Amino acid sequence: MSSNNVLSVRDLAVAYESKAGSLRAIDGIDLDIGQNEFLAVVGESGCGKSTLGLTIIGLLPEKSRIVSGSITYKNVDLVKLPPKKALQYRGTEIGMIFQEPLTSLNPVYKVGLQIAEAISIRNLRRSQLNNPVIGSDSESEAKKVTKIPRFRQKIPNELKSEIIDWLNLVRIPDPEQILDRYAFELSGGMRQRVVIAMALSQEPSLLVADEPTTALDVTTQAQVLKLMKELMDKVKTSIVLVTHDFAVASQVADRVVVMYAGKIVEDAEIHNIFSSPLHPYTKGLFSCIPSGSKRESSLKAIPGSIPNLMYPPRGCRFAPRCQYVMDVCQVNAPPFIQKQQNQKVACFLYE
Amino acid sequence: MSSSDQQEDEQPQELEILRTVHLRKFYPVRGQTFDPFSRKKKKFVSAVDDVSITIPKGKTVAIVGESGCGKTSLAQTIMGLTPITSGEIYLDGLCITDRKIKPRQLYRNIQMVFQDPDSSLDPRMTVGDSIAEPLQELTSVNKQEIKELVFKSLEAVGLSKEFAFRVPRELSGGQKQRVAIARAIAPSPKIILLDEPTSALDVSVQAQILSLLLELQRNYKLTYVLITHNIAVAQYLSDTVAVMYAGNLVEYGPTETILGKPRHPYTIALIASAPVPDPWKRNLLKADIRGEVPSAVDPPTGCRFNPRCPFAELKCTKEKPQLALIGQEHLVACHFVEKTA
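Residues numbered from 1 in each chain as written. Chains lettered and ligands numbered in written order. Predicted model: local features only at pLDDT ≥ 70, side-chain atom pairs only at ≥ 80, totals over all residues. Heavy atoms only, no water.

Digging into the pattern of salt bridges
Inspection of the entire model under this criterion finds 22 salt bridges over all chains. A salt bridge links K74 of chain A to E93 of chain A, with the shortest nitrogen-to-oxygen separation between them at 2.8 Å. One end of the pair, K74 of chain A, is in the loop between β4 (64-73) and β5 (76-77); the other, E93 of chain A, is in the loop between α2 (83-86) and β6 (94-97), and 19 residues separate them in sequence. Where D118 of chain B meets K176 of chain B, a salt bridge forms, and the shortest distance between an N and an O atom there is 2.7 Å. Here D118 of chain B is found in helix α3 (residues 117-120), whereas its partner K176 of chain B is found in helix α6 (residues 173-185), with 58 residues between them in sequence. A network of salt bridges, in which partner residues are shared, links R24, D49, R304 and K320 of chain B. (Salt bridge = Lys/Arg side-chain N within 4 Å of Asp/Glu carboxyl O. Helix = DSSP H or I, 4+ residues; strand = E, 2+ residues; numbered from the N terminus.)

In structure tokens, the structure reads:
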């Protein structure tokens, strides 16, 4: 792992188990996330982009398991770490923003209390990292320090100014008033700002944002994306944006990873992928994006549909839908080829 | 298009198929206690407020706007799915808001495709039955003919005959939406309302459905009213765009004009906020739009966009702007439209 990377994912595979069998939602993912990089993970539903995000943050649902691979953060493999220890990183140093802010905020506590809780947990974790008590002999002492503070009634005064600072940073008007509001009293854009403020208050080195603007209107989406892009430099964080929308990715991301059926098919710098998409699936996706009017252009849809991941196709998973398919594609999985300096593609066409 | 002041002198155009006149739809705000002596005014959500819009025959009119702007309410009032508060709707010269009009007469001519095919298709009915039901109800054709019509409309949306015997859960999202479209075109209506027909679908499936809709329009000379928040979809499908904001129609005109040279400050902001798939043109990071859509319970007085508008003056907070013609079929409701020239 080079020192420039915040997080390195190697050969990661995650399976969902059911009575019908085991389904590999992601299979053999290699991914490096650079320092202060805005990476977009783009793909259609069922391609495994959300599973990738959830695996990084450690929030995989029950009945799923990490089959293989590693997620290296600060020379620690998060996959091998026991869950309690992983908490030192996840949520604090690696933050997450979800699609629907109403479900990620607690409906019965004022948003100010929730941010206060986040900040005090951060302070607690920091003090733990500086003088580790976990594993020390005195059990009671460990218990005392690891107890997570809860605020139910009143925001502690010592945290108030910091909370207001964070709310100001995400451009919430009248932060003093917003502190005392419940999530349902805020508009969609405001809620997502509160969630972003909570995530950023941890000063994470990596923020995973899973479709953070899909539930929002376009004018609000523009505001939130602009905000994320600006705050990225201020807080010195890297962002992994999981999205289905190439247009959103093109507006904010530095680099794009295109996923198809649980695999990364192309990994490229944003301008490269738009000027010369290499993988047939990426090309197909671009021709599906409506631009211009019906008189000027016609959309070319990709024939067929996504394979059932319970029984993925042998060889390249895109082969059944690919117009450039060759014999080798149906037998072997394509290697990941470095085509240009900032562009890698998993396709036999470029061998 | 008829704005309120020029409505009388317009001769009835034979090209128009649907027209709403001063259409209003207010929803009462729930949770208000009944108190006849209260001095408080009863509160209403003005979802659609004084919308007069004309839909030309054989064309596609896209109604765009953000959530809460009233575009879906407008579609529901046109479909008769919710009673209107005031105003009239004319379909082919016939006033369909007249109580004497039976739903059967209406739905023979006007059909709708909803956003989510999972909830608009009966999970326990086969696809064939779903398509046949409106035919049984609305037309007087016999069983054999219905069967043929079902197969014909399935074929028209690119599905094979066997699909008639499947149930929705066996289909993919795109296939389900195709079935919903087949059901809408089966009674050969004059006009189809498309309420966000592709927003629940992936881009590759969206492309298939958009191409299908265009093909059907060409083959069957259909008129579409497309409700969408997606500017790219509106641009691709429509001939005319109507922009709604907080229950009001703020701009109306040919698609190229509206998207190429919008004049209402809201339309300008809306188009500037729509992400363009082009990393060399990062419009989003330059977009400067403040605030959010106002509550429709107590909308701002005067022009409803005035709290967010960069050009707002005192007049905007007092007087509601009316739609006025500023170019070829281009109507804008703004007091200071010259500022955006």
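There's plenty left to go through after this.
A few points about the packing of aromatic side chains
In this structure the tally under the stated criterion is 13 aromatic pairs over all chains. Pairing F26 of chain B with F44 of chain B gives two aromatic rings, centres 6.3 Å apart and planes at 40 degrees, and the pair type is tilted. Linking F26 of chain B in strand β1 (residues 16-28) with F44 of chain B in strand β2 (residues 44-56), this pair joins segments that are 18 residues apart in sequence. Classification of F26 of chain B as partly exposed rests on a relative accessible area of 25%. On the accessibility criterion, F44 of chain B (35% relative accessible area) is partly exposed. Feature note: the residues F246, F274 and F286 of chain A constitute an aromatic cluster, connected by ring pairs. It is K25 of chain B that lies over the ring of Y27 of chain B; its NZ or CZ is 4.7 Å from the centre. Cation over ring: K339 of chain B sits above F336 of chain B, and NZ or CZ is 4.5 Å from the ring centre. (Phe/Tyr/Trp six-rings, centres within 6.5 Å; stacked < 30°, edge-to-face > 60°. Buried < 20%, exposed > 50% of the residue type's maximum accessible area, 1.4 Å probe, protein only. Lys NZ or Arg CZ within 6 Å of the ring centre and 35° of its normal.)

Quick word on a nonpolar patch on the surface
Residue and element names in this part refer to chain A. Residues Y324, M326, V328 and L349 make up a contiguous nonpolar surface patch of roughly 290 Å² in combined accessible area. Within the secondary structure layout, L349 lies in the segment after β12 (343-346). Judged by relative accessible area, which is 35%, L349 ranks as partly exposed. (Patch = residues over 30% accessible without salt bridge, like charges linked within 9 Å, V, L, I, M, F, W, Y side chains within 5 Å. Areas by Shrake-Rupley, 256 points an atom, 1.4 Å probe, with all protein chains shown as cover.)

Description of the sheet that holds strand β2 (residues 21-34) of chain A
Whenever strands of a sheet pair, they do so through backbone hydrogen bonds, lying parallel or antiparallel. Residues and elements named next belong to chain A. An order of β2-β1-β4-β5 is seen for the four strands of this open sheet, with the pairing classed as antiparallel. With one partner strand each, in any of the chains shown, β2 and β5 form the two edges of the open sheet. With two bridges joining them, β4 and β5 adopt antiparallel strand pairing. The partner of T72 across the bridge, within β5, is D77. (Pairing = 2+ DSSP bridges.)

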